[in-house]
Structures are given as C-alpha cells and as structure tokens.
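Each chain, letter by letter, is given below.
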Amino acid sequence: MIPLNRRASLPRAGMEYFDARRKPHNVGKIIAALVLTTLCIFVLKQSPGFGGNSVFSRHEPGVTHVLVTGGAGYIGSHASLRLLKDNYRVTIVDNLSRGNMGAVKVLQELFPQPGRLQFIFADLGDQKSVNKIFAENAFDAVMHFAAVAYVGESTLEPLRYYHNITSNTLLILEAMASRGVKTLIYSSTCATYGEPEKMPITEATPQFPINPYGKAKKMAEDIILDFSKSKGADMAVMILRYFNVIGSDPEGRLGEAPRPELREHGRISGACFDAALGVIPGLKVKGTDYPTADGTCIRDYIDVTDLVDAHVKALNKAEPRKVGIYNVGTGRGRSVNEFVDACKKATGVDIKIEYLSRRPGDYAEVYSDPTKINKELNWTAQYTDLKESLSVAWRWQKSHPHGYGEN
C-alpha cells in the first residue's frame, strides 16, 4: 500500500448555538445543555461530509485511506498512531463502549492537519450507519479491531460476543463489497486455537476454540475466508492471530485505560498496575493447578508496539486474491508467576498476591511459533523484555491514574 506523501487542505468548519429565549431554572441545566451541545457539535464536525466536500470522500493518488474500526481502543489507538506517523489518512470509527475519547483527542492534537484524521461516532452493529460511513468515505483498506475481547466476560455474555464480533464483521464485509473496498487486515486471536495438544502454535494448528470469544472470532475468520474465495471478490486479506498484548507507546502518548467496571475481566497487566497504585488491595491470580512448571498459566506476551508494526507490514504486503494468516507473538511462553515478578520489578511495589480457582474458559499453555510471519512479512518482535514493556506501560499508568480522564 502507498502511504500519504502530501498533505491535503480542507477548511475547518464550526458552529455555535445558544438560545437566549430559554431560561433554565438553574445553572446546572445551563451547563448540561452546553455540554450536550458541545458534544453534538464535536460529533457533527467529525462526521464525513460536514461543511461540504470532504477529502475523506474521494480517492487521491499517493494517498492510502485506512478505516480503523475500534480506533479509540487500546490496540486500535496505537495502530492509528503508527499509521498517522507513516503518513496514512485515517478514519476512526468507534462507539466508545470500550474505547476512550481521550485517546482520539491525543491523536487529533498530534495530527491536526486537515485531511489526516477523522473520528466518526457509530455502532458497527447498525447496518444503516455502516453503509452510510462507507458511502460517504473513500476507503482503500480496513483494519478491523472493534470487538469485545474478554474471555471471562464471553462465558457470561456469549450472545453479546457473537453479535459484536461475528455479526458486525459480516456487516463490514457487506459494506466493503458494495463499495469496492478490497483490502482487509483482520484482528483475530490465539483463542481460536483453544487448547492445542502441541506447542508452540503454528498457523496450521487445528482451531478448536473453547470459549465464546474464540468461537466468535473463528466464525468471523471463516466468513472472511469464504467471502475472499467468492467469484469477483478479489480481496486482499490478512488475518493476524495474536497473543497476550502488553505495553504502551514508548513516548508516553497512549496507554491502556479500561473502564472500571471491566477491570475484573481485563488483562493481567492492568490488574498488576491497579494493585501497585492501590486501586485494588492486591492481585488475584486465577488458577494454580494447571499442568505447568509452577501451576500457573503460560502465555506469550506481545508488546503493542510490535503488534501494530505487524499490522502495518501486513497492510503493505496485502495482495489481491491472496490471503495471509499469521501468528503474532514472541515465540516464548511466560508463566503468570513470572509475569507477576516482572511487574513487581517494573513498578517497584511488592504487590500482594491472592491465589484463586481457575477462570472459566481459560487454558493452560499458549505460545506461538512466529516463523511464518518472520519469513513472509519480515517481522520479528523487538520489544521482548517483559520487565521493560511493563516499565513503559507503568510510566503511563502512573501519570494517568484515572486513564484519559474521560471516555
């Protein structure tokens, strides 16, 4: 794919509204009205076509316009940052149910030039909204990150996961087909493999997911693969199955900020940091009777900076009528106890540990064989020091104890 090599010009549009005839009974009502009006104006200003003919609505030579679904989320925002740094034109679509408006604002401040970045508030489960977005924008490629993504939560709310992951992916594919968007980079997961009999996991390892999250992702993969084989599709597809993501932007601009009510389902790194900050009394390690050396789960931890690098390399290597499927991991498994020790060293806090029973839907040991992605995409994980990745993430967490401060 060809990155943006010139900047387009687009006048910024704005509007203000205040109805002096209305007389609220108290200051609180005035403030609430102003906040709501400001939010509406902001969303409208970010919408395609606002104020006239948008550069986002037309293809331009030398410009690659990438739709990043879920771009306000942890991984999606880091991917958007990398794409913008590499001079791609980016449209983020997110309903902010899991993402953070604060992350989008960081990106907008870093790349304020017209024609670089736009944000669209929309739910990808709404077919009319999805079709409208594709009708009003000229996308060259789609990076599809948007998804609920907690294994434990998926066992409690399976239907939500099938709707959000599988059904929404189908709607995006239909919109891509109707508008001739041919390139898809799909964010998948090692959870599609389930609990393989042999380690490490290769791309040929049979997929037998054991939880709704992994099953929903595999269904979405199957739909993508079937569609890519259909007559006239001419799709360029890359499916990236990645492992446990950690870390944050090395320059401290972005980080991971899950909603408080989702902390119990979140990544172990988030729980470690919460314990180190005193947000929670200690870290709960779920499962000590797995058939591993120390009884805790073994996982392959991949730094988010390496992960988004794999996405960009996949985008650049995507070819019509070809499908690439790759594991994205370091090739080395670390136990939960090893991870906790690294977190203690990174934070300098002697975190209290409470050992509990297994989490539903979890598996004992998962780590990758990255040989294929090494050879075909010339990608190798660079940030493999567990303590260092956690130290980078910890710096952001310490300076943002309340996340981005807003959603």
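Let us look at the structure shown here. Quick caveat: nothing in here was measured; it's all calculated off a predicted structure. (Residues numbered from 1 in each chain as written. Predicted model: local features only at pLDDT ≥ 70, side-chain atom pairs only at ≥ 80, totals over all residues. Heavy atoms only, no water.)

Remarks on the overall build of the protein
To be explicit about the condition: The helix and strand labels rest on DSSP assignments: H or I over at least four residues marks a helix, E over at least two residues marks a strand, and numbering proceeds from the N terminus. Only protein chains enter the accessibility calculation, which uses a 1.4 Å probe; a residue whose area is less than 20% of its type maximum is buried, one above 50% is exposed, and one in between is partly exposed. Areas reported here follow the Shrake-Rupley algorithm with a probe of radius 1.4 Å; residue values treat only the protein chains shown as occluding.
Secondary structure assignment for the protein yields 12 helices and 13 strands. For the protein, the residues scored as buried account for 52% of the 407 residues in total. As displayed, the protein has an accessible area near 18,800 Å², and 52% of this comes from carbon and sulfur atoms.

A look at helix α9 (residues 304–317)
The α-helix advances 3.6 residues per turn, and as a result positions three or four apart in sequence lie on the same side. Put simply, the rule reads: The length a helix should cover is 1.5 Å for every residue beyond the first. Nitrogen and oxygen atoms within 3.5 Å of one another constitute a polar contact, given that in protein one can donate a hydrogen and the other can accept it, and given that sequence-neighbouring residues count only through two side-chain atoms.
With 14 residues, α9 ought to run about 20 Å at 1.5 Å a step, and its terminal C-alpha atoms sit 20 Å apart, in line with that. Most of α9 is tucked away: 11 of the 14 residues are buried. All of the buried residues along α9 are V304, T305, D306, L307, V308, D309, A310, H311, V312, A314 and L315. Where α9 begins, the capping side chain belongs to D303, and its oxygen is found 2.9 Å from the backbone nitrogen of T305.

Some words on the nonpolar core
Condition: Here, nonpolar core means buried Ala, Val, Leu, Ile, Met, Phe, Trp, Tyr and Cys residues that are tied together by side-chain atoms lying within 4.5 Å of each other. We call two residues in contact whenever any of their non-hydrogen atoms come within 4.5 Å of each other.
L83 and V328 are the most contacted members of the largest nonpolar core, which totals 49 residues. It is α9 that provides the largest number of residues to this core, a total of seven residues. With sequence-adjacent residues up to four places away left out, L83 is seen in contact with V66, V68, Y88, V90, M143, V312 and L315. In this structure, C190, I224, I239 and F243 belong to the second largest nonpolar core, which totals 39 residues.

Some details on helix α7 (residues 212–229)
End to end, α7 covers 26 Å across 18 residues, agreeing with the expected 26 Å (1.5 Å per residue, within 8%). When α7 is considered as a whole, its buried residues turn out to be P212, Y213, G214, A216, K217, A220, E221, I224, L225 and S228. Looking at the buried residues of α7, the elements they touch are α5 (151–156), α6 (158–179), β5 (183–189), β6 (236–242) and β11 (322–328).

As for the packing of aromatic side chains
The following threshold applies: Centre distance within 6.5 Å is the pairing criterion for rings of Phe, Tyr and Trp, where only the six-membered ring of Trp is used; planes under 30 degrees apart are then read as stacked, over 60 as edge-to-face, and the remainder as tilted. Each ring is checked for a lysine NZ or an arginine CZ that lies within 6 Å of its centre and within 35 degrees of its normal; such an atom marks a charge sitting over the ring.
Applying the stated criterion across every chain yields a total of five aromatic pairs. With a centroid separation of 5.3 Å and an interplanar angle of 75 degrees, the aromatic rings of F134 and F139 are classed as edge-to-face. In this pair, the class of F134 matches that of F139, namely buried. Judged by centre distance (4.6 Å) and plane angle (40 degrees), the ring pair of Y301 and F339 falls under tilted. Residue Y301 is located in strand β10 (residues 301–303), and its partner F339 is located in helix α10 (residues 336–347); the two are separated by 38 residues in the primary sequence. The two residues Y301 and F339 agree in class, both being buried. The ring of F56 has R89 lying over it, and the distance from NZ or CZ to the ring centre is 5.7 Å. The ring of Y326 has K372 lying over it, and the distance from NZ or CZ to the ring centre is 5.1 Å.

A look at the packing of helix α8 (residues 268–277) against α10
We count it as follows: What counts as an axis is a line fitted to C-alpha atoms, over the stretch in contact for a helix, and the angles between N-to-C directions run from 0 to 180 degrees. We call two directions roughly parallel when the angle between them is under 35 degrees, roughly antiparallel when it is over 145, roughly perpendicular when it lies between 65 and 115, and oblique otherwise. Take the far helix as your reference; a near helix turned counterclockwise from it by less than a right angle gives a left-handed crossing, and one turned clockwise gives a right-handed crossing.
For the pair α8 and α10, the least separation of the axes is 10 Å and the interaxial angle reads 40 degrees. Judged by the angle between their axes, α8 and α10 are oblique. The handedness of the crossing between α8 and α10 is right-handed. Across from I268, S269, C272, F273 and A276 in α8, the residues of α10 making contact are V336, F339, V340, C343 and T347.

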